[in-house]
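The primary structure of each chain is shown beneath.
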Amino acid sequence: MSSATVTLAQFAPALPEILLAAGALALVLIGAFRGEKSFGLINTLAFLLLALVGVLIATQDAVTVSAFNGAFISDSFGRFMKIAVLIGSAVTLMISGDYLKATGSQQFEFPILVALSTLGMLLMISAGDLIALYLGLELSSLALYVVASFNRDSVKSTEAGLKYFVLGALSSGMLLYGASLVYGMTGSVSFSGIASVLKDGTSLGVIFGLVFILAGLAFKISAVPFHMWTPDVYEGAPTPVTAFFAAAPKIAAMALLVRVVEQAFPHITGQWQQIIVFIAIASMGLGAFAAIGQQNIKRLLAYSSIGHVGFALVGLSAGTAGGVEGVAIYMAIYLVTTLGTFGCVLAMRREGGYVEDIDDLAGLSKTHPIMAFILAMLMFSLAGIPPLAGFFAKWYVFVAAVEAKLYALAVIGVVTSVVGAYYCLRIVKIMYFDEAKAPFLPMSAAIRLVVGVSGVFVLAFWLYPAPLVTRAVAAAQSLF
Amino acid sequence: MSFAQGFFYLFSIVTVGSAFMVISSRNPVHSVLFLILAFVNAAGLFLLMGAEFLAMILIVVYVGAVAVLFLFVVMMLDVDFAELRQGFLNYLPLGATLGLIFFIELAMVITIDVMDPKSIGGKAELAKTDPSISNTEALGRVLYTEHVYYFQISGLVLLVAMIGAIVLTLRHKAGVKRQNIADQVARTRDTAIEVKKVPFGQGV
């Protein structure tokens, strides 16, 4: 047997993740010793921990390195997506305090579970083989099931957690089945090993396994036809948790999907391309049409997020570096817009508690003109109206699709985007032209900051898009 | 047909048969018992392949712990399984069609790829094993070295499961008597024992 001489330098690529894991364990200890009143302290520490990990990842050298026998890959693509995930998680911690306090579920385990779930997402973004993929996915999902039912005295929240758990376990099973088929047919679990075997042609068994893996991953990004859980879970889960779901895990799963198809199956692009094209069209269509009739704003945003996943998949279905670049830009802009929108939803609070109906926004322009303006801009951005950020997000993915000669897909995308604009404009109409209702309670400073930054980003992105675009280009290049 | 092949078919048939009975028997306790039978036969299949460690782990963990836990849960929860099956017949045609399509596809995969070794010729190579060391030792050599990454993440998954179970179920009720080790240790003879003189013929 090889006597393994291990030096610490070999672990260096995974240093931020190791730090996050150790930090989360330390937080568990602090929480256990200080008791139930330590929510504020743990929340702050977890936020600082995520920020520190983000800084460490941002300052890593721009090279592709691997650790743990290729199970862990650190490259520009991974770093781009990891920073996005960390922003999503850190903002969740910023805006969740008030809500958890109001619903009486302010337990110190919440920030710890968010941190551990984030760790799972970072590991799955960096996964270099099928086992690491599955373990990272389970680590992040398991923590998500728990935070979905975190408000355990609420029937809706419990139902959301249970539903998510059962369907999530089913999708994990499909993913595992596909992974075992791919391993059985290629004899390798590592993405590079699978790719090198598939270079000389494929077999039916591999395609069969590929379909199952894609089904499992499509569930995690809530793409049609694996989206059924999304509206119920988004509606039932506590609002900060819904914001978390819409932001971080979606980006991580999308990054994982991109990595799997581009690194493990690059030689059978034609096989997965047709699947991705189908789920992209189905997601865009369902997201646009089903959101029209919604009354609850969290449900509406759930359908909206299904639609946006469809748009991002348009970029992936091109199967080119330009397409992956489009996906990266799309997810980054989607992240900022979503966090801003959920910040506004968390600000919908009256004396009697939090409200979630779209009608509660009526006349917001008279009671809270600034919030109404920013929310309107976020909605215009989600609808893809130039010159807001959302327009450029869609621009990059559609350009990639057209360059890959997927004209029908691009046309369908534009059409569903127009349909989707309806529900965004409906919110703007309710805010600006309906009879004013009682004003909301003042926002907390953290929510004000999140909503403000998000609004500025959406409005000013066209002035200076270079930082994001150059990083996305570098990220996409590192995969090819 | 060799001796080992005979046992392979025996174990396989019993495994598939009992797996079918798990989902079709009316009494949930019978389902769990059939599940145990399926596990034991799967362990037999592992033994035939020379994976004796996995076979024993399957018996110890799945039969000894998991299935027995299932049995307790099934007996203690009053679940009306007949009611749960109400919609079964409504969905049967759709489910059966999907299952049939799925089965045909799988059969195609198996007949094309597995039956014809040429189609996967040379691609899949079994990992080489050293016959002089046992399964347990072979696993032990790689578990904490080559596969330490997976091992540690699995540990974190279990930690999350534990934290989650505590967060979702632990409730602090008022008026529950708890053990306080410090108080108990701090008791002395004076506070714990009272010596009474009992005069003869009078009682306490």
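These numbers were taken from a predicted model, which means no experiment stands behind them.

**Focus on the overall build of chain A**
In terms of regular secondary structure, chain A is built from 19 helices and 4 strands. At 21 Å, chain A has a C-alpha radius of gyration in line with the 23 Å of a compact globule built from 480 residues. For chain A, the C-alpha atoms occupy an extent of roughly 70 × 60 × 40 Å along the three principal directions. Within the span of chain A, comprising 480 residues, buried residues form 62% of the whole. In chain A, 81% of the contacts between residues at least 6 apart in sequence involve partners at least 24 apart.

**Topic: the packing of aromatic side chains**
Considering all chains together, one arrives at 26 aromatic pairs over all chains under this definition. With a centroid separation of 5.6 Å and 75 degrees between ring planes, the pair formed by Phe212 of chain A and Phe102 of chain B is classed as edge-to-face. Placement of the pair is Phe212 of chain A in helix α8 (residues 204-220) and Phe102 of chain B in helix α5 (residues 88-114), with the two residues belonging to separate chains. A relative accessible area of 32% means that Phe102 of chain B is categorised as partly exposed. Put simply, the rings of Tyr145, Tyr164, Phe165, Phe219, Trp229 and Phe245 of chain A touch in pairs and so form one group of aromatic residues.

**A short note on helix α15 (residues 369-383) of chain A**
All names here are of chain A. A rise of 1.5 Å per residue sets the reference length of α15, with its 15 residues, at 21 Å; its end C-alpha atoms lie 21 Å apart and thus fit the reference within 8%. Of all the residues in α15, the buried ones are Met371, Ala372, Ile374, Leu375, Ala376, Met377, Leu378, Met379, Ser381, Leu382 and Ala383. Contacts from the buried residues of α15 go to α12 (297-318), α13 (321-346), α14 (364-367), α16 (389-403), α17 (407-433) and α18 (445-460). Where α15 terminates, the next one or two residues include Gly384, which has phi positive at roughly 85 degrees.

**Focus on a nonpolar patch on the surface**
Where nonpolar side chains cluster on the molecular surface, the patch consists of Phe3, Phe7, Phe8, Tyr9, Leu10, Ile13 and Leu48 of chain B and spans about 730 Å² of accessible area. The leading source of residues in the nonpolar patch is helix α1 (residues 3-24) of chain B, at 6 residues.

**Looking at the layout of surface pockets**
Residues and elements named next belong to chain A. Of the pockets and cavities examined, the second largest pocket occupies roughly 720 Å³. Taken together, 27 residues make up the lining of the second largest pocket; nearest its centre are Ile83, Ala84, Ile87, Leu468 and Arg471. Residue assignment for the lining of the second largest pocket shows that the elements contributing at least two residues are α2 (39-58), α3 (76-102), α13, α18 and α19 (466-477). Here the lining of the second largest pocket is composed, by residue class, of 21 nonpolar, 4 polar and 2 charged.

**Description of unusual backbone geometry**
Residues and elements named next belong to chain A. Cis geometry marks the peptide bond from Val224 to Pro225, where omega comes out at 5 degrees. Relative to the elements of secondary structure, Pro225 occurs in the loop between α8 and α9 (229-236). Note the cis peptide between Pro386 and Pro387, where omega equals 5 degrees. Mapped onto the secondary structure, Pro387 falls in the loop between α15 and α16. Even without glycine at this site, Ser222 takes up a positive phi of about 55 degrees. Structurally, Ser222 is set in the loop between α8 and α9.

**Observations concerning the interface of chain B and chain A**
Of the residues lining the interface, 33 residues belong to chain B; the matching set on chain A comes to 41 residues. Roughly 3,300 Å² is buried in total at the junction of chain B and chain A, and carbon and sulfur atoms are behind 74% of that figure. The interface formed by chain B and chain A holds 0 salt bridges in total. For the interface between chain B and chain A, the tally reads 5 residue pairs in polar contact (both at pLDDT 80 or more). Elements with a minimum of two residues in the side of chain B that touches chain A: α5, α6 (135-143) and α7 (148-169) of chain B. Per element, the largest residue contribution to the side of chain B that touches chain A is 16 residues, and it comes from α7 of chain B.

**A short note on the pattern of salt bridges**
Per the stated rule, a full pass over the model turns up 12 salt bridges over all chains. Between Lys163 of chain A and Asp232 of chain A there is a salt bridge whose closest N-O contact spans 2.8 Å. You can see Lys163 of chain A sitting in helix α6 (residues 155-186) and its partner Asp232 of chain A sitting in helix α9, a full 69 residues away along the chain. What makes Lys163 of chain A partly exposed here is its relative accessible area of 29%. When the shortest N-O distance is used, the salt bridge between Arg141 of chain B and Glu137 of chain B registers 3.0 Å. Taken together, the residues span about one helical turn, with Arg141 of chain B and Glu137 of chain B both in helix α6 at a distance of 4 residues. Arg141 of chain B sits in the partly exposed class, given a relative accessible area of 34%. The partly exposed category is assigned to Glu137 of chain B, whose relative accessible area is 37%.

**Here's the deal with empty space enclosed by the protein**
Residues and elements named next belong to chain A. All chains considered together, the criterion is met by 5 cavities of 30 Å³ or more. There is about 90 Å³ of room inside the largest cavity. Taken together, 16 residues make up the lining of the largest cavity; nearest its centre are His308, Phe311, Leu382, Gly420 and Tyr423. Of all the elements in the fold, those that place two or more residues in the lining of the largest cavity are α11 (269-290), α12, α15 and α17. Of all the elements, α17 adds the most residues to the lining of the largest cavity, at 6 residues.

Criteria and cut-off values
- Residues numbered from 1 in each chain as written.
- Chains lettered and ligands numbered in written order.
- Predicted model: local features only at pLDDT ≥ 70, side-chain atom pairs only at ≥ 80, totals over all residues.
- Heavy atoms only, no water.
- Helix = DSSP H or I, 4+ residues; strand = E, 2+ residues; numbered from the N terminus.
- Rg over C-alpha atoms; globule rule 2.2 N^0.38 Å.
- Buried < 20%, exposed > 50% of the residue type's maximum accessible area, 1.4 Å probe, protein only.
- Contact = heavy atoms within 4.5 Å.
- Phe/Tyr/Trp six-rings, centres within 6.5 Å; stacked < 30°, edge-to-face > 60°.
- Expected span 1.5 Å × (residues − 1).
- Patch = residues over 30% accessible without salt bridge, like charges linked within 9 Å, V, L, I, M, F, W, Y side chains within 5 Å.
- Areas by Shrake-Rupley, 256 points an atom, 1.4 Å probe, with all protein chains shown as cover.
- Salt bridge = Lys/Arg side-chain N within 4 Å of Asp/Glu carboxyl O.
- 1 Å grid on protein atoms, 1.4 Å probe; cavity = no way out; pocket = protein on both sides within 12 Å on 5 of 7 lines; lining within 4 Å.
- Points joined across faces, edges and corners; volume = space filled by probe spheres on them.
- Nonpolar A, V, L, I, M, F, W, Y, C, P; charged D, E, K, R; others polar.
- Buried area = accessible area lost by both parts, 1.4 Å probe.
- Polar contact = N/O pair within 3.5 Å; in protein donor to acceptor, adjacent residues only side chain to side chain.

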